[in-house]
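Topology and contacts: notes
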Amino acid sequence: MHDLSRVLRPRSLAVIGGGAWCAEVIRQARKLGFEGVIWPVHPKAAEVAGEQACAVLGELPGAPDVAFVGINRRATIEAVAELARMGAGGAVCFASGFIEALAEDARAADLQAQLIEAAGDMPILGPNCYGFVNALDRVAVWPDQHGMRPVERGVAILTQSSNIAINMTMQRRALPLAVMVTCGNQAQTHQAEIAMALLDDPRITAIGVHIEGFGDLRQWEALAAKARERDVPIVALKAGRSAQARAATVSHTASLAGDDAGAQAFLDRLGVARLEDVPGFLETLKLLHVTGRLESNRIASISCSGGEASLIADMAVGRDLEFPPLTQAQRDALGAALGPMVALANPLDYHTYIWRDAPAMAQAWAGITGSEIGMTLSIVDYPHTDAADWACATQAARSVVQQTGRPFAVAASLPELMPEDVAQELMAGGVVPFAGLNEALAAVEAAARPLTVQSAPVLLPGQSEADVTLTEAEAKAALAEYGLTVPPSCVVRACQAVEAASHLTGPFAVKGIGLAHKSEHGAVRLGIGSEDICEAARDVGTAMVLVEEMTTGTVAELLVGVTRDPAHGFVLTLGAGGVMTEILGDTVSLLVPSDRTAIRAAFERLACAPLLAGYRGKPGADMEALLDAVEAVQAYVVANAASVSEVEINPLICTADGAVAVDALIRKASS
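One structure accompanies this document, and this report is about it. Just so it is clear, the structure is predicted and the values come from calculations on it, not from any experiment. (Residues numbered from 1 in each chain as written. Predicted model: local features only at pLDDT ≥ 70, side-chain atom pairs only at ≥ 80, totals over all residues. Heavy atoms only, no water.)

In a beta sheet, neighbouring strands are held together by backbone hydrogen bonds and run either parallel or antiparallel to one another. Strand order in this open sheet of five strands is S16-S15-S17-S18-S19, and the pairing throughout is parallel. Only two strands of the sheet have a single neighbouring strand rather than two, namely strand S16 (348-349) and strand S19 (432-435). Of the strand pairs in this sheet, strand S15 (residues 299-303) and S16 are connected by two bridges, and their pairing is parallel. Looking at the pairing, Ser303 lines up with Asp349 of S16. Helix H10 (residues 278-291) rests against strand S17 (375-379) and S19 of the sheet, and its axis sits at about 175° to S19. Lying over the sheet, helix H11 (residues 306-315) contacts S15, S16 and S17, oriented at roughly 155° with respect to S15. (Pairing = 2+ DSSP bridges. Helix = DSSP H or I, 4+ residues; strand = E, 2+ residues; numbered from the N terminus. Contact = heavy atoms within 4.5 Å. Axes fitted to C-alpha atoms, helices over the stretch in contact; angles between N-to-C directions.)

In structure tokens form, the structure reads like this:
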């Protein structure tokens, strides 16, 4: 771990280079209120942006706490090496053309290695990054304009995109931005490592991370553990959901999992909620700043319009949110506040009888809150023409929080109808001012996610690429060694099927050997009697066949698969199985290893979960046997992590008293 204390809270700043970018660093530092010394370094200029310059680094009066290195990439390496020798606290490397440019320049990787070597133990941000703004300590090491202002406490955001960072600093949503850090290509100092350093500051109320790629998974696990310890929530804006599924796969699992399943499973494992867009990301951070995590996903809504009540109810469909029916205590409180003319429900249309009467509005709004409600939202849009008549809503909302102490929000249905000054007034009273209903619901859903039990470290995969696909019989035999139940079977030449199957009990399944997708080749025959084995073996069309006993008493057919994901570990996919697997698309993804509690919870999230529990009087599946089967697959993967690429059981036949793998596939490296 690098010591970032001098970098993020410097008393001296060196700005190396000339031109508009470096001059702007100095202007932005002074504009935000930086009171430390600034030392420009320029070979020709006597001063830069009003500050007296030194010609070379060696002329500086001391080692700077942080340096902005705004020169070309080769000169950057030389400057970083000299800064490290001087004992500088760290550097922001502005130049591009390092590993992010590898596709265009084959020398880029070597240059990045040289930069890392030059830095040694001295931390660097970037390269290819803007730097950071610390509004808590009035420090900006930033070569462009930004929208941040000094704050006493607030949220921190770390991005891998400087342009997205600039845009987010320009938000007009009253979100108190305490720190904005751009991480660039993270040559040396990891995004999660910077976030861990920020967790040491008690003024940071929540952390948002914009992630393009995770990189070192162990760093993220350490960050999540420290955030739990500090009770600081983390949310993510993760790119990559639209990436194409892997092309070089032969299993259903891999095509279902795609490239994003591992990322989502990793975030779930870390207990980090994921947002889909920048507005939802910022509104979630705002909510977390005001209230912290929510106790539950049970919400209430109150508005003076039936249309708005219907709208928010419809918009919540498909989200993990619940509008519970009103309790008797809520009905009594609302009845006392509103009288008999209002039909009581959740969401509630309270009409306009009490508008302009702030105490009466507060009484009604407080009435729909309660200990069983995680968040209450009052829908109010402030007009941009004359909002004087809406001051009662602001006053009422603040009174509700003062009276009840419960999480309460005022949500504008249109983002632009939550004025920044009103939002600041609401936040000062402990009210969450949401700019947009969709953003509000996304934020509440994210903040209400239960904090999962801390999991074991993910299993890291080996580097070997798969070049061998085991036959079904070989795969079953390998998995059976780790406790997986498979049907009694034999592998024989097609012409010897009758004799070989004499010690088995029919009916039989007869399958071709050496085909990845046997069903698509017509190489599977089911329910075959002893008298028809020879004909069935001949019809499947392969020289060797697998003959096995059929499993009866099926409750459900499931898929259990694992794919090697170099970026996230091993993705464990559980779902509805059989030949319709990809059409049904009913899957949940975890990471290996996952414990029985997490696996059971994953099965309960499937659309086919009612079949496992026993549907319409039919017997349920043997859940303990099902969990045993998944653990057996995981045990095989753990033991063969260096070489295995894919494992799939499809289908796993679940019965009332067992779970039997009737098909299996393993892809692995031969060495």
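What the rule picks out here adds up to three cavities of 30 Å³ or more. Space inside the largest cavity adds up to approximately 110 Å³. What lines the largest cavity is a set of 13 residues, among which Gly271, Ala273, Arg293, Ala446 and Arg449 lie closest to the centre. Sorting the residues of the lining of the largest cavity by element identifies strand S13 (234-238) and helix H16 (437-447) as the ones contributing at least two each. Across the lining of the largest cavity, the residue classes tally to nine nonpolar, two polar and two charged. Reported here for the second largest cavity is a volume of approximately 60 Å³. Every residue lining the second largest cavity is listed: Ala224, Ala227, Arg228, Val232, Ile234, Leu270, Gly271, Val272, Arg293 and Leu451. It is helix H7 (residues 217-230) that contributes the most residues to the lining of the second largest cavity, three residues altogether. A breakdown of the residues in the lining of the second largest cavity according to their chemical character gives seven nonpolar, one polar and two charged. (1 Å grid on protein atoms, 1.4 Å probe; cavity = no way out; pocket = protein on both sides within 12 Å on 5 of 7 lines; lining within 4 Å. Points joined across faces, edges and corners; volume = space filled by probe spheres on them. Nonpolar A, V, L, I, M, F, W, Y, C, P; charged D, E, K, R; others polar.)

On to the layout of surface pockets, then. Roughly 1,200 Å³ of volume is contained in the largest pocket. Along the wall of the largest pocket there are 41 residues; nearest its centre are Gln264, Asp268, Arg269, Arg449 and Arg605. Looking at side-chain class alone, the lining of the largest pocket contains 17 nonpolar, ten polar and 14 charged residues.

Another point: the nonpolar core. Grouped together as the largest cluster of nonpolar side chains are 108 residues, with contacts concentrated most on Phe132, Ile207 and Phe434. For this core, the leading source of residues is H16, giving eight residues. Residues Ala556, Ala576, Ala621 and Leu626 belong to the second largest nonpolar core, which totals 45 residues. (Core = buried A, V, L, I, M, F, W, Y, C linked by side-chain atoms within 4.5 Å. Buried < 20%, exposed > 50% of the residue type's maximum accessible area, 1.4 Å probe, protein only.)

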